[in-house]
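# Structure at a glance
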Number of protein chains: 2
Amino acid sequence: MSVAREVESANAKYAASFNKGDLPLPPARKVAIVACMDARLDPARALGLEEGDAHVIRNAGGRATDALRSIVISQQLLGTREIIVLHHTDCGMLTFTDDVIRHKIRTDLKQNADHIAFLPFGDLRQSVLDDLAILKDSELVLNVPVTGYLYEVETGRIVKVE
Amino acid sequence: MSVAREVESANAKYAASFNKGDLPLPPARKVAIVACMDARLDPARALGLEEGDAHVIRNAGGRATDALRSIVISQQLLGTREIIVLHHTDCGMLTFTDDVIRHKIRTDLKQNADHIAFLPFGDLRQSVLDDLAILKDSELVLNVPVTGYLYEVETGRIVKVE
């Protein structure tokens, strides 16, 4: 069975007891979370977020540059005034370089992906510091509190990076 | 109190009963979800995903082009072989155009954002169809099952778009 069929079935149960149909569009807690797409990380459960609380932007690595379009929309149109960056231990982004994935794509897919910066990193803590700096320095991002964490997939804990 | 302090407190509770410290890096259900960042949408709860199940990529609108870097990494390095696209009713992306947000940025921030395509849309159903087509047509994306849904923020239900 495809996962699509499975999520349809799971959603029917979710909808059957759904009672949050009148939440407003702007996030109640006025925060945007920028997190990695990693399967082991559930930002809502790990950070105590309920439906309606926060924008959750996720991409490979939880990289700030890739989230910029979404952050500008979040701040300019939907009123968020705080940003949290969440990377994690054992991240896939530690396991390759642009050269490696571009070569794989050239070999396996017979395609050229040299125009894509895949944004891998070699140091977890530095990857958070880099993304905090990008957000603090961007002239398109408001001067709001920005906090960075590493989520430990081994323990479920977040550890502040500063 | 900042939201950062609040999530630290919530995370301490999550970590106290955490028992999923040995999950593997590749998603168990071999699926990548591309969803909107909207605060009212919790993909894990709404689709029945547990930690370890799926890559969850989220951005303003749940747009495919903005997710392409992450999808290529998900497929080429971490073995996902299905994609689910999830947009939703009452989306903020229905409320503006590139001209509107670029003008706001020029006026309020005194900055130029004409180089950013903010990817708003005028028709929800078409936005899902467009993103399914982008994924199916991209030569960097594998030929895998791709299914699109609209999540109803009013009811909690997902409705297939085809």
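Residues numbered from 1 in each chain as written. Chains lettered and ligands numbered in written order. Predicted model: local features only at pLDDT ≥ 70, side-chain atom pairs only at ≥ 80, totals over all residues. Heavy atoms only, no water.

Quick note on the threshold: UniProt positions are given in the numbering used here, feature names are shortened, and annotations may be inferred rather than shown by experiment.
As recorded in an unreviewed UniProt entry, chain A goes by the name Carbonic anhydrase, listed as coming from Penicillium frequentans. In its Catalytic activity (unreviewed entry) section, UniProt records this for chain A: "hydrogencarbonate + H(+) = CO2 + H2O". The record held by UniProt for chain A lists under Function (unreviewed entry) the comment "Reversible hydration of carbon dioxide."

### Considering helix α1 (residues 3-16) of chain B
Inclusion rule: Put simply, DSSP marks the helices as runs of H or I at least four residues long and the strands as runs of E at least two long, and each gets a number from the N terminus on. To estimate how far a helix should extend, the number of its residues minus one is multiplied by 1.5 Å. For every residue, the accessible area (1.4 Å probe, protein chains only) is compared with the maximum for its type, and the residue is labelled buried under 20%, exposed over 50%, or partly exposed between those bounds. Note that the arc is computed from the directions linking the helix axis to the C-beta atoms. The contact rule is simple, with two residues in contact once any of their heavy atoms fall within 4.5 Å.
The end-to-end C-alpha separation of α1 of chain B is 20 Å, in line with the 20 Å expected for 14 residues at 1.5 Å each. Where α1 of chain B is concerned, the buried positions are Val3, Ala4, Val7, Asn11, Tyr14 and Ala15 of chain B. Buried residues of α1 of chain B, viewed axially, fall in a sector of 105 degrees; they line one side. Across α1 of chain B from its buried face, at more than 90 degrees, point the exposed residues Arg5, Lys13 and Ala16 of chain B. Here the buried face of α1 of chain B lies against β1 (31-36), α2 (43-47), β3 (83-88), β4 (146-151) and β5 (158-161) of chain A.

### Examining the side chain of Glu51 of chain B
The criterion, for reference: The term polar contact refers here to a pair of N or O atoms within 3.5 Å; inside protein, the definition further demands a hydrogen-donor-capable atom paired with an acceptor-capable atom, and it admits residues adjacent in sequence only when both atoms are side-chain atoms.
The residue Glu51 of chain B is located in the loop between α2 (43-47) and β2 (54-59) in this model. Engagement of the side chain of Glu51 of chain B in a polar contact is seen with the side chain of Tyr14 of chain B, the distance being 2.5 Å. Beyond its immediate sequence surroundings of up to four residues, Glu51 of chain B is in contact with Ala39, Arg40, Asp42 and Arg45 of chain A together with Tyr14, Lys20 and Leu23 of chain B.

### Here we look at the nonpolar core
Rule in force here: We define a nonpolar core as any set of buried Ala, Val, Leu, Ile, Met, Phe, Trp, Tyr and Cys residues linked to one another through side-chain atoms lying within 4.5 Å.
Core analysis: the biggest nonpolar cluster contains 68 residues, and Ile83 and Phe118 of chain A together with Ile83 and Phe118 of chain B have the highest contact counts within it. Here Ile83 of chain A is in contact with Val31, Ala32, Val34, Ile71, Gln75, Leu135, Val141, Val144, Pro145, Val146 and Thr147 of chain A, once residues within four sequence places are set aside.

### A look at the relation of the copies chain B and chain A
The line we're drawing: For the least-squares superposition of copies, only C-alpha atoms count, and only for residues with pLDDT at least 70 in both.
Expressed as a screw operation, the relation of chain B to chain A combines 0.0 Å of axial shift with a rotation of 180 degrees, fitting to an RMSD of 0.0 Å. Taken together, the rotation and translation describe the operation of a two-fold axis. Identified as the residue of chain B closest to the rotation axis by C-alpha distance is Arg58 of chain B, at 2.3 Å.

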